[in-house]
Amino acid sequence: MKQISVDAVVKRYNEYKAIFDANEGKLAERKQFIESQEKELRFSDFSVDDAWEVGSAIYAAAHRLQLPVAIDIRLGLQRAFHAAIPGAAEDNDAWAERKGNVVLAYGHASLYVGTDFQQKEEDFDVSSRRNAHDFAAHGGAFPLLLPSGLVFGVTAVSGLPSIYDHSLVTATLKEFVSAQ
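What you are looking at is a predicted structure, and each value in this text was computed from that prediction instead of being measured. (Residues numbered from 1 in each chain as written. Predicted model: local features only at pLDDT ≥ 70, side-chain atom pairs only at ≥ 80, totals over all residues. Heavy atoms only, no water.)

Q: Quick question: what am I supposed to make of the overall build of the chain here?
A: A count of helical and extended segments in the chain gives 7 helices and 4 strands. Along the chain, helices (α) and strands (β) appear in the sequence α-α-α-β-β-α-α-α-β-β-α when read from the amino end. A globule of 180 residues ought to have a C-alpha radius of gyration of about 16 Å, and the chain, at 15 Å, matches this closely. Taken over the C-alpha atoms alone, the chain extends approximately 40 × 40 × 35 Å along its principal axes. Taken over 180 residues, the chain has a buried fraction of 48%. (Helix = DSSP H or I, 4+ residues; strand = E, 2+ residues; numbered from the N terminus. Rg over C-alpha atoms; globule rule 2.2 N^0.38 Å. Buried < 20%, exposed > 50% of the residue type's maximum accessible area, 1.4 Å probe, protein only.)

And the structure:
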């Protein structure tokens, strides 16, 4: 199993947060950054053990930073990891699942999908024609992608502002890729 450095995740999380904060309101730049992450964070192999490693690293980083989040990793339809940091609410579980459903339906990070609708000045809940009880186009869910771009799962976090949920997931996945 790969070892993910929690210190590295925390450092990268802060870097990603700074990038999003610096580009607040710049939707095209946000989409470009997320697209680059989707191209970079791909996996030729990802097992249930890997889901445990990634989920545990997200948990450790969130716990260290005292971030009250729920974490959800699905491989296909199988829930491979689920945990909550003290302070996370049961609503965070539902939000993580709803954001993950967006990834599985659209094949992109939930933040990308939400930003795309914003850029078109459309309300996702209305324009997507998806049930708002099942889908949420807010940041925090990121696709698990094969090198071909095929989505085989999703890693989701809920409990923070959208860009910070997204940053926590992608910082951890980046460190996982780097450890391979």
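Q: Could you clarify how one ought to interpret the packing of aromatic side chains in this entry?
A: Remark: the centre distance and the inter-plane angle together describe each pair of aromatic rings, the angle taken between the planes. A full pass over the atoms with the stated rule returns 10 aromatic pairs. Note on Y16 and F33: the rings are 5.7 Å apart at their centroids and 75 degrees apart in plane angle, and the pair reads as edge-to-face. Highlighted residues: Y16 in helix α1 (residues 6–22) and F33 in helix α2 (residues 27–40), separated in sequence by 17 residues. Between the aromatic rings of W52 and F81, the centroid separation amounts to 5.3 Å while the plane-to-plane angle is 65 degrees, which identifies the pairing as edge-to-face. Separated by 29 residues along the polypeptide, W52 in helix α3 (residues 48–65) and F81 in strand β2 (residues 78–84) bring together distant segments of the chain. Of the residues examined, F81 reaches a relative accessible area of 7% and is grouped as buried. Through pairs of rings, three or more aromatic residues link up here, namely F43, F46, F152 and F176. (Phe/Tyr/Trp six-rings, centres within 6.5 Å; stacked < 30°, edge-to-face > 60°.)

Q: Honestly, the packing of α2 against helix α7 (residues 162–179) in this entry has me stumped. Any pointers?
A: Relative orientation and spacing of two packed helices are given, respectively, by the angle between their axes and the distance between those axes. One way to put it is that α2 packs onto α7 with a least axis distance of 11 Å and a crossing angle of 25 degrees. Accordingly, the angle class assigned to the pair α2 and α7 is roughly parallel. Two packed elements cross with a definite hand, and for α2 against α7 that hand is left-handed. Judged by residue contacts, R30, I34, Q37 and E40 of α2 engage I163, H166, T170 and K174 from α7. Of the residues in the contact of α2 with α7, the class split is 2 nonpolar, 3 polar and 3 charged. (Axes fitted to C-alpha atoms, helices over the stretch in contact; angles between N-to-C directions. Parallel < 35°, antiparallel > 145°, perpendicular 65-115°, else oblique. Left-handed = near helix turned anticlockwise from the far one by under 90°. Contact = heavy atoms within 4.5 Å. Nonpolar A, V, L, I, M, F, W, Y, C, P; charged D, E, K, R; others polar.)

Q: Is there a simple way to explain the environment of A70 in this structure?
A: Looking at the element boundaries, A70 is found in strand β1 (residues 70–75). For the pair A70 and F152, spaced 82 residues apart in the sequence, the C-alpha separation amounts to 21 Å. Apart from residues lying up to four places away in sequence, A70 is in contact with A83, A84, A88, N92, D93, A156, V157 and S158.

Q: Please clarify how the pairing of strand β4 (residues 151–158) should be interpreted in this entry.
A: The two faces of a sheet get side chains in turn, since along a regular strand they alternate between them. With 6 of 8 residues buried, β4 is to be regarded as a mostly interior element. Pairing between β1 and β4: 6 bridges, direction antiparallel. The residue bridging D72 from the neighbouring strand is A156, located in β4. Bridge count between strand β3 (residues 141–145) and β4: 5 bridges; the pairing is antiparallel. Paired with A141 across the bridge in β4 is A156. A loop of 5 residues connects β3 with β4, the two strands running antiparallel in sequence, and G149 in this loop sits at a positive phi of about 100 degrees. (Pairing = 2+ DSSP bridges.)

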